[in-house]
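The primary structure of each chain is shown beneath.
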Amino acid sequence: MISLNLSLPTIMNQLLNGFALGTLLVLMAIGLTIILGLMRVINFTHGVIYALGAYSVVTLFNYTGFWPCLIIGPILLGLIGMGMEATLIRPLYKRDPLHTMLLTFGLALMIEDIIRMTWGDAPYPMSPPEFLSGIIDLKLFIFSKYRLFIIVFCSALLIALWFFFQKTPMGKTILAGTFDREMVIALGIPINLLFTITFGIGSALAAVAGVLNAPIQGVYPPMGTGIIMSCFVVVIIGGMGSFWGAVIGGLLVGVVVSFSVEVFSAMSDVIVFILMAIVLLVRPRGIAGIEGLLE
Amino acid sequence: MVILFALVAVWPKIIPFIGGYTGLAIEMVIFAIFALGFDLLLGYTGILSFGQAAYFGLAAYTMGIVCINFKVPILLGMLIGILIGTLAAVIIGLLIIRKTGIYFAMLTIAFGQMFFFIASRWKSVTGGEDGLTGIPRDSISLGLFNWNLKNDLSFFYFVFVFFVAATLFKYWLVESHFGQVLKTIRENEKRAQVVGYNVRRYKLYSFIISGVFAAVAGTLYGMFLRYIFPQTLDWVRSGNVVIMGLVGGLGTLFGPILGAGVVTYLMNFISYYTKYWQFFVGAIFIIFILFFPRGIWGFVQKKR
């Protein structure tokens, strides 16, 4: 059950896997947390958008290869996300936040079946693009090239996102809105548009994660439901509405899950929930969250 | 309400006219009990739990394990199942009731998933992914006479007894002082606290009672299928009962019953024609949230 066969190569390998998974979770968590922080919407569709991102690779691969998917997928899904927000979610803002959450839950159920309808029930095995598959042998330990790529790519994207939120007007407005929505409205900024864009960005980020993870994880219809809980855990651990919280939370969860697969594999499914429970009971606002955001 | 009971009593006879069968009728009533409990929590107290399926499944599994391995008679097995399910609700409730809103909901999911995990992995006790087969449903001896439950129709009336009891209990609860306090908490928790009620305690009681309903429904479900499997515990299953509550009408007496009936029927009906029932149920759910958030019964009530 518990295997403590932890040699240095194994540790390094799992650390790498953990960071790869972690950076993906960070991307998704940032998307989730800005939607949550600014719009107070608990977005259950985040998981299925991730799945759609992965499936977009399946469809587009034969026409364009892997790389364009990284751009086309997220843009397309960002637009779809904005469409969903504007038509279905927006009417519910005046109501109890429960309703928006339930709506996204219903949407997630629908979209998962849409995936089944379009691509079938069977999983699609996938593999990384040619020049990124294989390993780098560093004598002491080995690295999977593709996972390294994920870490590099996501980190770059993260830096770009940080820049966006800290330096660009739109980004700053979104960030400000998560702290003080009323003020943003009072300043005359069109809040509906901002919401739609935020939702689009969030969805696009989920899609990027989906595209990136597809070659490793493969694609299968319930993959959205599988990942959404991990995303929520990251957001909770990091703190809802916090950028750096999502970063730390994502990396932490990624590493913990990777190690649990290695050390105590039977538990790896549930470790995420145990973590969630501990954090929620002990310090619900997480590492860097805003206190009482959703009480 | 008498009309309701009369209607439900003859339901197995009517249901074939709309393409149903006794087994479906049984399922509808079982989930009605489950939904009634859930509605107490969300519709009357204003607390969302996405983890009620945990008590549902736990009770079913417990009864199954006890009856199969220790040859315990059915009624006693049910009681043990319900007790264990309720105990879980008590423990988890005590642990998490301090938290509110989304934190609370997430915690219910987390614990629900832990149970799901235990059910899936503890193969020796629960049968793992394959589930637990062979839950008995023979005869129960009630002193004077034996009641053979093997037959679907007679089992329906067995379930019916619990349904009547559950509905009456719920009615009594919501009309009582306890129910009024719950509604107060739903409307404005802080104000209820300020006026002097021990909000936390009321919420805890509501949570536990809801768990009891879930546990009862769970044991009945286990007996109905004669089999129980891990998926009865996961958060998507809990989501189903949320859908039933909303579609039927939260915070009303008949709403959850209606909702459970409609949703169960639809799931069954749609599965007959397409395997993509999730799509349609999701779509119906969305339509209701957008246009009929008060559910069928809530809508009807408004019209009056």
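Please read all numbers here as calculations on a predicted model, not as lab measurements. (Residues numbered from 1 in each chain as written. Chains lettered and ligands numbered in written order. Predicted model: local features only at pLDDT ≥ 70, side-chain atom pairs only at ≥ 80, totals over all residues.)

## Examining the interface of chain A and chain B
Interfaces are frequently sized by the accessible area removed from exposure as the parts join.
Here comes step 1: At the junction of the two partners, chain A supplies 32 residues and chain B supplies 30 residues.
Here comes step 2: Contributions of two or more residues to the side of chain A that touches chain B are made by helix H4 (97-119), helix H9 (223-238) and helix H11 (271-282) of chain A.
Here comes step 3: The dominant element in the side of chain A that touches chain B, judged by the number of residues it contributes, is H4(A), at 14 residues.
Here comes step 4: Within the side of chain A that touches chain B, the residues separate by chemical class into 24 nonpolar, three polar and five charged. (Contact = placed C-beta atoms within 7 Å. Helix = DSSP H or I, 4+ residues; strand = E, 2+ residues; numbered from the N terminus. Nonpolar A, V, L, I, M, F, W, Y, C, P; charged D, E, K, R; others polar.)

## Observations regarding H4(A)
Here comes step 1: A rise of 1.5 Å per residue sets the reference length of H4(A), with its 23 residues, at 33 Å; its end C-alpha atoms lie 33 Å apart and thus fit the reference within 8%.
Here comes step 2: Among the residues trailing H4(A), A:Gly120 stands out with phi positive, at a value near 85 degrees. (Expected span 1.5 Å × (residues − 1).)

## Concerning the packing of helix H1 (residues 8-39) of chain A against helix H10 (residues 243-263) of chain A
Residues and elements named next belong to chain A.
Here comes step 1: It is the contact of H1 with H10, at a shortest axis distance of 6 Å, that shows an interaxial angle of 140 degrees. Regarding the angle of H1 to H10, the classification is oblique. Both H1 and H10 take part in a crossing whose hand is right-handed.
Here comes step 2: A breakdown of the residues in the contact of H1 with H10 according to their chemical character gives 15 nonpolar, eleven polar and one charged. (Axes fitted to C-alpha atoms, helices over the stretch in contact; angles between N-to-C directions. Parallel < 35°, antiparallel > 145°, perpendicular 65-115°, else oblique. Left-handed = near helix turned anticlockwise from the far one by under 90°.)

## Notes on the environment of B:Glu175
Residue and element names in this part refer to chain B.
Here comes step 1: As for its placement among the helices and strands, Glu175 is situated in helix H7 (residues 152-175).
Here comes step 2: You can call Glu175 exposed: it has 11 C-beta atoms within 10 Å.
Here comes step 3: Residues Glu175 and Val212 lie 37 residues apart in sequence; the distance between their C-alpha atoms is 19 Å. (Buried ≥ 20, exposed ≤ 12 C-beta atoms within 10 Å, placed from the backbone.)

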